[in-house]
Amino acid sequence: MKITSARVIVTCPGRNFVTLKIGTDEGVTGIGDATLNGRELSVASYLTDHVIPCLIGMDPQRIEDIWQYLYRGAYWRRGPVTMSAIAAVDTALWDIKGKMAGMPLYQLLGGRSRDRVLVYGHANGRDLKETVDAVGKYIDMGYKAIRAQSGIPGIDKAYGVGRGDMHYEPADARLPTNTVWDTPKYLNFTPRLFEKLRDTYGYERELLHDVHHRLTPNEAAQLGKALEPFRLFWMEDATPAENQEAFRHIRRHTTTPLAVGEVFNTIWDCKQLIEEQLIDYIRCTVVHAGGITHLRRIADLAALYQVRTGSHGATDNSPVCMGAALHFDTWVPNFGIQEYMRHTEETDAVFPHDYRFDDGFLHCGEAPGHGVEIDEKLAAKYPYDPACLPVARLEDGTLWNW
Ligand code: GCO
Ligand code: MG
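Because the structure is predicted, anything quoted here is derived from the model rather than measured.

Moving on, we come to the overall build of the protein. Secondary structure assignment for the protein yields 13 helices and 16 strands. Against the 2.2 N^0.38 benchmark of 21 Å for 402 residues, the protein shows a C-alpha radius of gyration of 20 Å, consistent with a compact globule. Judged by the C-alpha coordinates and their principal axes, the protein covers about 60 × 45 × 45 Å. Out of the 402 residues in the protein, the part that is buried amounts to 59%.

Below you can see the structure in the form of structure tokens.
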């Protein structure tokens, strides 16, 4: 069997997505998500200029060998651009293998470990009241787990707050939007938000919160401690995790569960966090962590230390990533939860899929492969529209973590 074609499709049905489509001499095609929010064209070029010329003529059945070829053969290993490109190839090849076998992807991985996949939705509001109301709306929609992000008094354009009922899309301008950050205001406000949520809705549902890398390790320890009475499912990205050791300090001071990993792209980024059990959930995703082949290795390492998966699933991960992730989530023994930020209708139309939401859970389909396709004609109607993520500065102008 041979790869006879491979091409990158960039489309913008409300936001930019990059998709790799691989064709074979048996007429079977497969697709993979290659979207890296704000850096889409870097991955498109990496694929078009450096990967696709090597792929033509290769045997698409040799998924592992092609993964090793693209990882070790790159010489310049790791990094979000390289690993998103490898992920797209890997996901497309698993899609092809499923179609050749006539099996949904989860069967190829080892079959079902669960009947349905617990997901969490994104409730947000400009202030405490709006956020509390938004969580109520997600409860009414049947969600069992809800992430709450709120505007913070005195902070303009805080992370995580959509504009109106827009799906929260942080890549909001051609050049980075400047936002201002104030940690004391955030630390004063956030425990009050979760106290109000628990007073209003009780403890029946899981509440999550994304700190989004904005605290120092000690500030994160303070916040984790302050949130303990409100029993969060997790506190996400409490501090930047390049220095994995930093989480030892947080771990010493709080039992609030910790989740990290959406910005990671290889097992090396999280090896210490997992082996020292400094986190409870690893959030690496199919699209940014080298695809199914590598994410499986990360999950297996995590399982040795009772760390569970909690994959990233924002709107900037395309339905192709979501589809593949749901098959992964259906199989992986140490599953925790799957993020599920709904896509817009125009996005779903470009990426027809067979997964479905029901009463707080997602269900992957039974179609061979990952069950997601791309309507190329429709995709062509949405040309690339450059946009990138914001930056944050402190009140005094210091560049901070967004
Ligand atoms: C999340 C993420 C997103 C990111 C976005 C970046 O938990 O879903 O933190 O909100 O900011 O995916 O492109
Ligand atoms: Mg996050």
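With that settled, the discussion passes to the sheet that holds strand β1 (residues 3-11). Spatially, β1-β2-β3 is the arrangement adopted by the three strands of the open sheet, whose pairing is antiparallel. Looking at which strands have only one partner, the edges of the open sheet turn out to be β1 and β3 (29-33). Pairwise comparison of adjacent strand axes, ignoring direction, gives a mean angle of 20° for this sheet. Looking at chain direction, β1 and strand β2 (residues 17-24) are connected through eight bridges and run antiparallel. When the bridges of β2 are listed, Thr 11 appears paired with Phe 17. Contacts between helix α3 (residues 80-101) and the sheet are confined to β1, β2 and β3, with β3 contributing the most and set at about 145° to the helix.

Another aspect to go through is the site of ligand 1. Asn 37, Tyr 159, His 212, Glu 262 and Glu 339 are the nearest of the 15 residues found near ligand 1. Between an oxygen atom of ligand 1 and a side-chain N or O atom of Glu 236, the distance comes to 2.9 Å. Taking 340 Å² as the accessible area of ligand 1 by itself, protein coverage stands at 95%. A class-by-class count of the residues in the shell around ligand 1 yields four nonpolar, four polar and seven charged.

Turning to the coordination of the magnesium ion (ligand 2), a few remarks are in order. For the magnesium ion (ligand 2), the full set of protein donor atoms is Asp 210 (OD), Glu 236 (OE) and Glu 262 (OE), and the range of their distances to it is 1.9 to 2.2 Å. One chain supplies every donor to the magnesium ion (ligand 2), and in sequence these donors are spaced D-x25-E-x25-E. Taken together, the positions of Asp 210 in strand β7 (residues 206-210) and Glu 236 in strand β8 (residues 234-236) put the pair 26 residues apart, joining distant regions of the chain. The exposure class of Glu 236 is buried, given its relative accessible area of 0%.

Right, let's get into the pairing of β2. For β2, a buried count of eight out of eight residues is recorded, marking the element as mostly surrounded by other parts of the structure. Two successive antiparallel strands, β1 and β2, enclose a turn made up of five residues, where Gly 14 displays a positive phi of approximately 100°. Relative to β3, β2 is paired through five bridges, and the arrangement is antiparallel. Bridge pairing in β3 links Lys 21 to Ile 31. Here β2 folds back onto β3 in antiparallel fashion, the turn holding four residues, of which Gly 27 has a positive phi close to 80°.

Let us now look at the sheet that holds strand β6 (residues 178-181). Reading across the sheet, the three strands line up as β6-β15-β16 and stay open at both edges, with mixed pairing between neighbours. The open sheet is flanked by β6 and β16 (399-400), the only strands paired with a single partner. Sheet topology places β6 next to strand β15 (residues 391-394); four bridges connect them, and they run parallel. Residue pairing in the sheet places Thr 179 in a bridge with Ala 392 of β15.

The domains assigned to the protein are domain 1 (3-104) and domain 2 (109-367). Relative to domain 2, the C-alpha centre of domain 1 lies at a distance of 26 Å. At the interface, 30 residues of domain 1 touch 35 residues of domain 2. Interface area for domain 1 against domain 2, summed over the two sides, is near 2400 Å², with a carbon-plus-sulfur share of 59%.

Attention now moves to the environment of Tyr 201. With respect to the helices, strands and loops of the structure, Tyr 201 is situated in helix α6 (residues 183-201). By relative accessible area, which is 27% here, Tyr 201 ends up partly exposed. Taking the C-alpha atoms as reference points, Tyr 201 and Val 132, separated by 69 residues in sequence, lie 9.1 Å from one another. Setting aside its immediate chain neighbours within four residues, Tyr 201 contacts Val 132, Asp 133, Val 135, Gly 136 and Ile 139.

Glancing now at the packing of helix α2 (residues 63-72) against helix α10 (residues 291-304). Contact pair α2 / α10: the axes reach a minimum separation of 9 Å and the direction vectors enclose 90°. Taken as axis vectors, α2 and α10 run roughly perpendicular relative to one another. On the side of α2, the interface is formed by Ile 63, Glu 64, Trp 67 and Gln 68, while α10 contributes Thr 293, His 294 and Arg 297. Of the residues belonging to the contact of α2 with α10, the class tally is two nonpolar, three polar and two charged.

This part covers the nonpolar core. Counting 130 residues, the largest nonpolar core has Ile 22, Leu 47 and Val 89 as its most contacted members. At nine residues, the largest contribution of residues to this core is made by α3. Shared between two domains, this core holds at least three residues of each, these being domain 1 (3-104) and domain 2 (109-367). Apart from residues no more than four positions distant in its own chain, Ile 22 is found in contact with Ile 3, Ser 5, Ala 6, Val 28, Thr 29, Gly 30, Leu 55, Val 89, Ala 92, Leu 93 and Ile 96.

Conventions used here
Residues numbered from 1 in each chain as written. Chains lettered and ligands numbered in written order. Predicted model: local features only at pLDDT ≥ 70, side-chain atom pairs only at ≥ 80, totals over all residues. Heavy atoms only, no water. Helix = DSSP H or I, 4+ residues; strand = E, 2+ residues; numbered from the N terminus. Rg over C-alpha atoms; globule rule 2.2 N^0.38 Å. Buried < 20%, exposed > 50% of the residue type's maximum accessible area, 1.4 Å probe, protein only. Pairing = 2+ DSSP bridges. Axes fitted to C-alpha atoms, helices over the stretch in contact; angles between N-to-C directions. Contact = heavy atoms within 4.5 Å. Near = heavy atom within 4 Å. Polar contact = N/O pair within 3.5 Å; in protein donor to acceptor, adjacent residues only side chain to side chain. Areas by Shrake-Rupley, 256 points an atom, 1.4 Å probe, with all protein chains shown as cover. Nonpolar A, V, L, I, M, F, W, Y, C, P; charged D, E, K, R; others polar. Donors = N, O, S within 2.8 Å, 3.2 Å for Na, K, Ca; no water. Domains from an automatic or database assignment. Buried area = accessible area lost by both parts, 1.4 Å probe. Parallel < 35°, antiparallel > 145°, perpendicular 65-115°, else oblique. Core = buried A, V, L, I, M, F, W, Y, C linked by side-chain atoms within 4.5 Å.

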